[in-house]
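Chain by chain, the residues:
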Amino acid sequence: MTSTPSTPSRRTPRHPLPHRAAAPGPASFGDHLRTWRQQRHLSQLELADEADISTRHVSFMETGRTNPSRDMVLRLCERLAIPLRERNALLVAAGYAPMYRERALDDPALAAARQAVELVLRGHEPCPAIALDRCWNVVAANRAAQALLAAHVSPELLAPPVNVFRLSLHPDGLASRIANLAQWRHHLFERLRQQIHATADPALLALQAELLEYPAPEESPPLVMAGEMLGVVMPFCFESVHGMLSLISTTTIFGTPVDVTLQELAVESFFPADAFTAQVLREMAQQYAAD
């Protein structure tokens, strides 16, 4: 596993919006290949050079005049850095069986991975930590994260699937309590934009469209707030029942997954950015441990 640091008001939805229907995706292998090549801002010549094939071959595959071999599909996927879920789609479009399995995290075959995630979550207490799927839905959380969410979020937003972006930005979620909402909102949208660029996932595009309908702060705070550490990390500052808490986070992912679920799984671990927050988290841990 690897770890890295991490307008005018619109109509206010009262409840989480349903996911919008995704636009129809590419039908043929050639359409898939062209879409991903353009997504990566590569010309046919540049892709041909990356894959060590001729530009003519790339052109013929995109127009359907040539059907690629299975090895060629995998080579192109590797050169285009296509996520495992979408690699399966390209294999199927080219007439081959999907290569990468997708299983629920509670599948017996993923027991070792599930145990690793649970160890990370428990080991991070008394600080909050959550495991997330590709759409930023919570698949597991430690007691610290559960205690914070239960105390500050509308129960409606805690109905599965619990989405952390929705929790942060929905007016019935944490939005009204986040002191640096404009900064945090920009931070979340930038992370979402980068993920959409990498995956072209229709579900993430639908989530982005939903979040854009939530009210945005009308005034921008200072460019650098206390605790921001000059842009290296973005603090999450919110007014809790215990006072103002300030947290920073890192994201942990599996380094070399061969399973769709594992590639899309991430653990978000939060750390106190000041002594007061650290003390509050310790006191909360004593409270829920006693319960």
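Below you will find a few notes about this structure.

Cut-off values and rules
- Residue indices begin from 1 for each chain and proceed along its sequence in written order.
- Side-chain atom pairs in this predicted model are given and counted only at pLDDT of 80 or more, local residue features only at pLDDT of at least 70, and totals for whole chains, interfaces and linings cover all residues.
- Hydrogens and waters are ignored; side-chain quantities use all the structure's heavy atoms.
- Candidates for patches are residues over 30% relative accessible area with no salt bridge; among them, like charges are joined within 9 Å and nonpolar side chains (Val, Leu, Ile, Met, Phe, Trp, Tyr) within 5 Å.
- Per-residue accessibility takes into account occlusion by the displayed protein chains alone, with areas from the Shrake-Rupley method and a 1.4 Å probe.
- Salt bridge, as used here, is a side-chain nitrogen of Lys or Arg placed within 4 Å of a carboxyl oxygen of Asp or Glu.
- Residues counted as positive are Lys and Arg, residues counted as negative are Asp and Glu, and His and the chain ends are not counted.
- Where a charge lies is defined by one atom per residue type: Lys uses NZ, Arg uses CZ, Asp uses CG and Glu uses CD.
- Helix and strand assignments follow DSSP, with helices taken as H or I runs no shorter than four residues and strands as E runs no shorter than two, numbered in order from the N terminus.
- Here's how the labels work: a residue is buried when its accessible area is under 20% of the maximum for its type, exposed when over 50%, partly exposed in between, all with a 1.4 Å probe on protein chains only.
- Here a residue-residue contact requires only that any non-hydrogen atoms of the pair lie within 4.5 Å.

### Quick word on a negative patch on the surface
A grouping of Glu-46, Asp-49, Glu-50 and Asp-52 is seen on the molecular surface, where their side chains present a negatively charged patch. Position of Asp-52 among the secondary structure elements: in the loop between helix H2 (44-51) and helix H3 (55-63). With a relative accessible area of 67%, Asp-52 lands in the exposed category.

### Describing the environment of Trp-36
Tracing the backbone through its elements, the reader meets Trp-36 in helix H1 (residues 29-39). In this view, Trp-36 contacts Leu-80, Ile-82, Pro-83, Glu-86, Leu-90, Ala-198, Thr-199 and Ala-200; residues no more than four positions away in its chain are not counted.

### A short note on the environment of Ala-131
Structurally, Ala-131 is set in strand E2 (residues 129-132). For the pair Ala-131 and Ala-266, spaced 135 residues apart in the sequence, the C-alpha separation amounts to 5.7 Å.

### Focus: unusual backbone geometry
Following Glu-125, the chain continues to Pro-126 via a peptide bond in cis, the omega torsion being 15°. Positionally, Pro-126 belongs in the loop between helix H6 (111-123) and E2. Pro-161 follows Pro-160 through a cis peptide bond whose omega is -5°. Within the fold, Pro-161 resides in the loop between helix H7 (143-152) and helix H8 (164-169).

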